[in-house]
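# Descriptive structure summary
Here is what each chain is made of, one letter per residue.
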Amino acid sequence: MSAATVNAQNNQEVRSTSYGYRYESRNLRFTQAERVHTEITLGGHGSWGGYSSYGADLSATRVYTPTKAFGWRWGGMASIDYGRHYGATSDVLAVVGLRLGNRVYVGLDALAGAGQLAYHDHSWHGETDTHDYFNSLWRVKAGGQLSLGVRLGDKVTLSVYGRYLYAFNNPQKRTVTVPEGWEALPTAYHADRFSAGLALTFNIFKETRVSGDNCWQGGIYSGYSFLGNEGWIAGAELLHFERSAARGGAVWGIGSYQVFGSDKSSTNAFYGQGGYRFLPWGSNSVLTIELGAKAGLGEYVKTECGATEDNSFRMSAAGYTLGVKASGYLQFALHFDWFEVVFGGEFGGHYTFGTAFKGEPTYSGTSSNGFGMDAMATAGLRFAF
């Protein structure tokens, strides 16, 4: 297709682009499979850095290939690990990267998001009495990944990869006290994690409409959280809108936000969302209304108190732990061509899990796990691309 051609049937000018083509006289853009496609990757890995673990990765990325020997991609990754003492830990990361080569290629990705930071407390009394405590905190993470891929065919690729992640942590966000006569080492935070593994990538080659009634939107927003973690909010989201009727269509996507509390603490949350967007006046609607639900993971305050049966050891701690969350939301947007001003609110709840207390002599305790409520009001901007 030349730089500018004419569609004889519809008498509409069509222009070739780096991703596919577009109709100049209408708000329509299409990607072509040889220039843009989606990849789903499933991998298994081993990890180390303070302790050893093993786990799995699942990622979805959008890959752009302006030439056969060069490409770039963006998307998201979810990773889960299992290690002795710490159990299952997870990471949710955004992926942006470059790729060099064709049948055999080298990939370099930047990673950023959040996940669980494992930590260990060790205390002792005399030569025989010891206490070890293993847990994890939800923290912002960043790092990189290097991969070597070999295409097994047009739709399947085998790759080996190495990954490094660093968890940003403020030790002052967690305090621990031990009984008189006991000594304790500083909390050991395993902030540096290295992983290596194998993965299979499945290529989804499909022409896709990416504008007009079937578009992607990126957004930023702020607001205030009244329940759960109280404080000011800063968030971002990636959404897909697919119009299915004259006055509405489905919306789905992912998002993340951070709450900044009055005590200078900050907490993170990641979520997926799905809903329905109403267009009261069809395509010409300046006002749109969206109703839906969100579900994901968030960081919440947790306190713990434990003691042995003979009171020879007592422990109390306060910190942040991972919880599951869900909420319903309602949003109103003022629509101006390719961007929107959005106002909304959501209400729901979260659940944090308890702590296991084990030791000799008999060691028991309580933690502030269970259900809690969440509520927030937000305002922001969305941009179509």
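Everything numeric in this text was worked out from a predicted model, so none of it was measured.

## Side note on the overall build of the protein
- When its secondary structure is counted, the protein shows zero helices and 25 strands.
- Across the 385 residues in the protein, those meeting the buried criterion constitute 45%.
- Across the protein, contacts joining residues at least 24 apart in sequence account for 61% of those joining residues at least 6 apart.
- Accessible surface, the protein: about 19500 Å² in total, of which carbon and sulfur atoms supply 62%.

## A look at the pattern of salt bridges
- Applying the stated rule across the entire model yields nine salt bridges.
- Between Arg 99 and Glu 39 there is a salt bridge, with the nearest N and O atoms lying 3.1 Å from each other. Of this pair, Arg 99 sits in strand E8 (residues 87–101) while Glu 39 sits in strand E5 (residues 36–48), placing them 60 residues apart in sequence. Assigned by exposure class, Arg 99 and Glu 39 land together as buried.
- Put simply, Glu 237, Arg 277, Glu 290, Glu 340 and Arg 382 are held in one network by salt bridges that share partners.

## Remarks on the packing of aromatic side chains
- Throughout the structure, instances matching the rule amount to 13 aromatic pairs.
- These aromatic residues form a ring-pair network of at least three members: Trp 48, Tyr 164 and Phe 194.
- When the ring centre of Phe 241 is taken as origin, the NZ or CZ atom of Arg 277, which lies over that ring, is 4.9 Å away.

## With respect to the pairing of strand E23 (residues 339–352)
- Burial along E23 is one-sided: Glu 340, Val 342, Gly 344, Glu 346, Gly 348, His 350 and Thr 352 are buried, and none of Phe 339, Val 341, Phe 343, Gly 345, Phe 347, Gly 349 and Tyr 351, which face the opposite way, are.
- Alignment of E23 against strand E25 (residues 370–384), held across 14 bridges, turns out to be antiparallel. Note on E25: the bridge partner recorded for Gly 344 is Thr 378.

## Some thoughts on the environment of Asp 129
- Note that Asp 129 resides in strand E10 (residues 129–151).
- Judged by relative accessible area, which is 33%, Asp 129 ranks as partly exposed.
- Residues Asp 129 and Trp 182, 53 residues apart in the sequence, show an inter-C-alpha distance of 9.1 Å.

About the cut-offs
Residues numbered from 1 in each chain as written. Predicted model: local features only at pLDDT ≥ 70, side-chain atom pairs only at ≥ 80, totals over all residues. Heavy atoms only, no water. Helix = DSSP H or I, 4+ residues; strand = E, 2+ residues; numbered from the N terminus. Buried < 20%, exposed > 50% of the residue type's maximum accessible area, 1.4 Å probe, protein only. Contact = heavy atoms within 4.5 Å. Areas by Shrake-Rupley, 256 points an atom, 1.4 Å probe, with all protein chains shown as cover. Salt bridge = Lys/Arg side-chain N within 4 Å of Asp/Glu carboxyl O. Phe/Tyr/Trp six-rings, centres within 6.5 Å; stacked < 30°, edge-to-face > 60°. Lys NZ or Arg CZ within 6 Å of the ring centre and 35° of its normal. Pairing = 2+ DSSP bridges.

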